[in-house]
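Residue strings, one per chain:
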Amino acid sequence: MNRYKELWRRILAETLSARTGRKVEESEIVTEVPPRPELGDLAFPLFPFAKSLRKSPKDVALELAAALRERAAEGRGVAEAAGPYLNVRLERPRVIAEVVRDVLAQGGGFGANGELAGQRVVVEFSSPNTNKPLHLGHMRNDAIGMAVARMLEACGAEVLRVNLINDRGIHICKSMLAYRRFGEGRTPESLGQKSDHLVGDYYVRYAKWAVEDPGAEAQAQALLLAWEQGDPEVRELWGTMNRWAIEGINQTYRKTGVRFDKVYRESETYLLGRAEILAGLERGVFQRDPDGSVWVDLTAQGLDRKVLLRSDGTSLYVTQDVGTAVQRHRDWPFNRQIYVVGNEQRYHFQVLFKVLALLGHAWAENLHHLAYGMVTLPEGMGKMKSREGTAVDADELVADLERLAVEQIRSKEREAEVEDLPGTAEKIALGALHYYLLAPSPYKDMVFDPNESISFTGATGPYLQYTGARISSMRRKFAERAESFRGGEFRAELLSAPEEWELAKSMAAFPDTVAQAARELNPALLATHLFELARTYASYYHDHPVLHNEDSALVVSRIRLAEAVRQVLACGMALIGVPFLEKM
RNA sequence: GCGUCCAUAGCUCAGUCCGGAUAGAGCAACAGCCUUCUAAGCUGUGGGUCGCAGGUUCGAGUCCUGCUGGACGCGCCA
């Protein structure tokens, strides 16, 4: 839609410049969409020009409408006055023809643009700990990370998906300690259990034990010390349990379509972080306290004094993150780096970015914390504490959604039609999950209602999938009956229903939404746009037969329009991780 | 105590960055629609002091100030 908007902006700026006797910039022209389609397709409020023209906005609109009459052909539409607004009514058949042609010609590439061409962007997301399986919070993180990565790619950027595995520290030692104490040599194989769940069970076991035994904490500390000193037995146990955790987590990633181009481990970068901090100390940007700890003073910048190295010389979370960032920029010099991390860590990232800047890394100003809100359960369903074993487990949740999808397919008696029941159920489950997690703005806390997420009515992933499957089905039927529609040609002027115009506008605006979503790092804009497109289409095909028409030109015209809708849905769904289904 | 973020329909959320026409969806509720391209659908009805009070503006859900309520942060934890 932008191309038409920009076209009229220019036309209006030229006309207004001539009338006001000063150069009116295109940026001064405010564009909107009229509140009701009958009013036109583009709207330009004229309040700002009333003063300089010494006329009421209403009269300005009337005069402009008259003056713009001769530019209708150029602008593919006519301008009319509507109160204080100048509204433009586009020439529908011409625009519909352009949109359908563009969508079908560009196929899977529709919506892409070159806005970020040549940019290299790192997107870090997921960042699991190796002491427990993934939970619902990770799934929101993953959904956002994957969607943002794909959106940036759609805008031409080269994206590196990066995972940072938190595989060291006291919390990791806790599950190791509990396993050593209570595990009796059990393995995932001996138990027939998914390996990350085994590790997670001992993390929960530790928490229970620590309540009874006040000495537990000290033992965990001792184990961490042994780990840092490289005790072979401890390192071996650590290696085994880490492998279990990571293998299990990777299974979940494969299941949910999450992938990374590069994986970093904190155990591999914390030493570089320490070296960086010591270099900063030498350059005088940090200070050492009498007890040996190293500090950065950010009070001048509205933050606090923060410790960067402990008095015993060991590193902290922020130290590791410094090392990781430096390592990454060496490995793959990026223009931007986006950290998808919960909003409770806002302060941490402010500090991190300032510390990196103080260390003299120019790229520090191109780091961005994409802070997303907490996911909670509805009232009465409890808090998600992985320590207590009450977190919503990712694997379980996906399995539950799949079960419900199977039930739905059976109850609709679609089992024979879909052919691959488990595969279809899996895709519906992922569509439901990803759509639900991406629909609210990332920065806001959200309530995850398991029942609502799997409900198949309303603004959901399955609704998009259903719309796509219906069109796909219709398309197959069209191909089967191709003979009877022979000779029919696409003619945009046959697509004169108001809904057909709404569909064309929605499709024309899709590339703008992709660009905006990428600019704002907000996949929710896409989720909303796709739902509205699907809803308009559902309403349209309910009372406008596509194949059941005498006029084969009308059939062909409508099927092309429907195919374009299908294509736009497919493009958008791919971006937000909702699998497209030919049949459901 | 200090800082950051949030508050829109019974519920879950768009709209706020960048101020413009009677504030929109979905769910739930109620009433309809399957000899017709998949009823996981479609149509209609009811439902809002945009947390409160000021201010700026021709115009405020949107910007500014104060207040109230909530979440998070302010560890030699991650």
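Computed from a predicted structure; not experimentally measured.

Observations regarding the overall build of chain A
Here comes step 1: When helices and strands are counted, chain A shows 22 helices and 13 strands.
Here comes step 2: Oriented by its inertia axes, the alpha-carbon framework of chain A measures out at about 85 × 65 × 45 Å.
Here comes step 3: Across the 584 residues of chain A, 53% fall into the buried class.
Here comes step 4: Residue pairs in contact within chain A that sit at least 24 positions apart in sequence constitute 74% of those at least 6 positions apart.
Here comes step 5: As displayed, chain A has an accessible area near 26100 Å², and 50% of this comes from carbon and sulfur atoms.

Examining the protein's contact with RNA strand B
Here comes step 1: Neighbouring RNA strand B are 63 residues, the closest being Arg36, Tyr85, Asp291, Lys412 and Tyr466.
Here comes step 2: For RNA strand B, the fraction of atoms within 4 Å of the protein that belong to sugar or phosphate moieties is 61%.
Here comes step 3: Here Tyr466 contributes a side-chain N or O atom positioned 2.2 Å from a sugar or linking oxygen of RNA strand B.
Here comes step 4: A distance of 3.0 Å separates a sugar or linking oxygen of RNA strand B from a polar atom in the side chain of His548.
Here comes step 5: Within the residue set of the surface near RNA strand B, elements represented by two or more residues are helix 2 (47-53), strand 3 (85-90), helix 14 (346-358), strand 13 (446-447), helix 19 (461-480), helix 20 (498-520) and helix 21 (524-543).
Here comes step 6: Of the residues in the surface near RNA strand B, the class split is 31 nonpolar, 15 polar and 17 charged.

So, the pattern of salt bridges
Here comes step 1: One pass over the structure, following the stated rule, counts 40 salt bridges.
Here comes step 2: A salt bridge links Arg186 to Glu184; the shortest N-O distance between them is 3.2 Å.
Here comes step 3: Counted as one network, the salt bridges with shared partners bring together Arg3, Arg76, Glu98, Arg101 and Asp102.

Focus on the packing of helix 11 (residues 232-256) against helix 15 (residues 394-411)
Each pair of packed helices can be described by the angle between their axes along with the distance between the axes.
Here comes step 1: It is the contact of helix 11 with helix 15, at a shortest axis distance of 10 Å, that shows an interaxial angle of 35°. As for how helix 11 packs across helix 15, the hand of that crossing is left-handed. From helix 11, Thr252, Lys255 and Thr256 reach across to helix 15, where they touch Ala394, Asp395, Val398 and Glu402.

A few points about helix 1 (residues 2-20)
Here comes step 1: If you check helix 1, its first and last C-alpha atoms are 26 Å apart, about what 19 residues at 1.5 Å a residue would give, namely 27 Å.
Here comes step 2: Among all positions of helix 1, only Tyr4, Leu7, Trp8, Ile11, Leu12, Ala13, Thr15, Leu16 and Ser17 are buried.

Concerning the environment of Trp363
Here comes step 1: Within the fold, Trp363 resides in the loop between helix 14 and strand 11 (367-372).
Here comes step 2: Expressed as a C-alpha distance, the spacing of Trp363 and Leu223, which sit 140 residues apart in the sequence, is 38 Å.
Here comes step 3: In this view, Trp363 contacts Ala325, Val326, His329, Phe334 and Leu356; residues no more than four positions away in its chain are not counted.
Here comes step 4: There is a polar contact of 3.2 Å between the side chain of Trp363 and the side chain of His329.

Some remarks on the environment of Ser175
Here comes step 1: Turning to its location among the elements, Ser175 is positioned in helix 7 (residues 170-182).
Here comes step 2: For the pair Ser175 and Arg535, spaced 360 residues apart in sequence, the C-alpha separation works out to 49 Å.

Considering the sheet that holds strand 1 (residues 42-45)
Here comes step 1: Across the sheet, which stays open at both edges, the three strands sit in the order 1-3-2 with antiparallel pairing between neighbours. Each end of this open sheet is capped by a strand with a single partner; those strands are strand 1 and strand 2 (77-82). The sheet shows a mean angle of 20° between the axes of neighbouring strands, direction not considered.
Here comes step 2: Inspection of the sheet shows strand 2 paired to strand 3 by six bridges, in the antiparallel sense. Paired with Val78 across the two strands is Arg89, which belongs to strand 3.
Here comes step 3: Contacts from helix 1 reach strand 1, strand 2 and strand 3 within the one sheet, and its direction differs from that of strand 1 by about 35°.

Overview of the nonpolar core
Among soluble globular proteins, nonpolar side chains are generally buried collectively.
Here comes step 1: Core analysis: the biggest nonpolar cluster contains 117 residues, and Trp8, Leu86, Leu152, Phe510 and Tyr537 have the highest contact counts within it.
Here comes step 2: With 13 residues, the top contributor of residues to this core is helix 22 (residues 552-576).
Here comes step 3: If we skip the residues at most four places from it in the chain, Leu86 touches Leu12, Leu42, Ala43, Phe44, Leu46, Ala61, Leu64, Ala65, Leu68, Ala79, Glu80 and Ala81.
Here comes step 4: In this structure, Val322, Trp332, Val341 and Phe349 belong to the second largest nonpolar core, which totals 34 residues.

Overview of the domain arrangement of chain A
Here comes step 1: Taken as a whole, chain A is organised into domain 1 (2-90), domain 2 (125-380) and domain 3 (430-576).
Here comes step 2: Each of domain 2 and domain 3 has a C-alpha centre, and these two points are 40 Å apart.
Here comes step 3: Carbon and sulfur atoms make up 71% of the surface buried where domain 2 meets domain 3, a total of about 2100 Å² over both sides.
Here comes step 4: Scanning the region where domain 2 abuts domain 3 turns up zero salt bridges.
Here comes step 5: Seen at the junction of domain 2 and domain 3, the total is ten residue pairs in polar contact (both at pLDDT 80 or more).
Here comes step 6: Looking at the side of domain 2 that touches domain 3, the elements with two or more residues in it are helix 6 (136-154), helix 11, strand 10 (336-342), strand 11 and strand 12 (375-376).
Here comes step 7: Class assignment of the residues belonging to the side of domain 2 that touches domain 3 gives a composition of 18 nonpolar, five polar and four charged.

As for the sheet that holds strand 8 (residues 294-297)
Here comes step 1: Spatial ordering of the open sheet is given by 7-8-9, a layout of three strands whose pairing is antiparallel. Strands at the two margins of the open sheet, each flanked by one partner only, are strand 7 (287-288) and strand 9 (305-309).
Here comes step 2: In this sheet, strand 9 lies alongside strand 8 in antiparallel orientation, the contact comprising four bridges. Within strand 9, the residue paired with Val294 across the bridge is Leu309.
Here comes step 3: Here helix 12 (residues 266-283) sits on the sheet in contact with strand 7, strand 8 and strand 9, set at roughly 120° to strand 9.

Section: the packing of aromatic side chains
Note on aromatic pairs: each is described by the distance of the centres and the angle between the planes.
Here comes step 1: This model, assessed by the stated rule, comprises 19 aromatic pairs.
Here comes step 2: Look at Phe47 and Tyr85: their rings are 5.8 Å apart centre to centre, the planes differ by 90°, and that puts the pair in the edge-to-face class. A residue pair is termed long-range when its members are at least 10 positions apart, and Phe47 in helix 2 and Tyr85 in strand 3 qualify at 38 residues.
Here comes step 3: Given a relative accessible area of 28%, Tyr85 falls into the partly exposed group.
Here comes step 4: Plain terms: the ring middles of Trp227 and Trp238 are 5.2 Å apart, the flat faces sit at 70° to each other, and that makes the pair edge-to-face. Placement of the pair is Trp227 in helix 10 (residues 216-228) and Trp238 in helix 11, with a sequence separation of eleven residues.
Here comes step 5: Using a relative accessible area of 13% as the deciding quantity, one classes Trp238 as buried.
Here comes step 6: We note Arg205 situated over the ring of Phe182; from NZ or CZ to the ring centre the distance is 3.9 Å.
Here comes step 7: Here the basic side chain of Arg305 rests over the ring of Trp295, its NZ or CZ set 4.4 Å away from the ring centre.

So, how was this worked out
- Residues numbered from 1 in each chain as written.
- Chains lettered and ligands numbered in written order.
- Predicted model: local features only at pLDDT ≥ 70, side-chain atom pairs only at ≥ 80, totals over all residues.
- Heavy atoms only, no water.
- Helix = DSSP H or I, 4+ residues; strand = E, 2+ residues; numbered from the N terminus.
- Buried < 20%, exposed > 50% of the residue type's maximum accessible area, 1.4 Å probe, protein only.
- Contact = heavy atoms within 4.5 Å.
- Areas by Shrake-Rupley, 256 points an atom, 1.4 Å probe, with all protein chains shown as cover.
- Near = heavy atom within 4 Å.
- Polar contact = N/O pair within 3.5 Å; in protein donor to acceptor, adjacent residues only side chain to side chain.
- Nonpolar A, V, L, I, M, F, W, Y, C, P; charged D, E, K, R; others polar.
- Salt bridge = Lys/Arg side-chain N within 4 Å of Asp/Glu carboxyl O.
- Axes fitted to C-alpha atoms, helices over the stretch in contact; angles between N-to-C directions.
- Left-handed = near helix turned anticlockwise from the far one by under 90°.
- Expected span 1.5 Å × (residues − 1).
- Pairing = 2+ DSSP bridges.
- Core = buried A, V, L, I, M, F, W, Y, C linked by side-chain atoms within 4.5 Å.
- Domains from an automatic or database assignment.
- Buried area = accessible area lost by both parts, 1.4 Å probe.
- Phe/Tyr/Trp six-rings, centres within 6.5 Å; stacked < 30°, edge-to-face > 60°.
- Lys NZ or Arg CZ within 6 Å of the ring centre and 35° of its normal.

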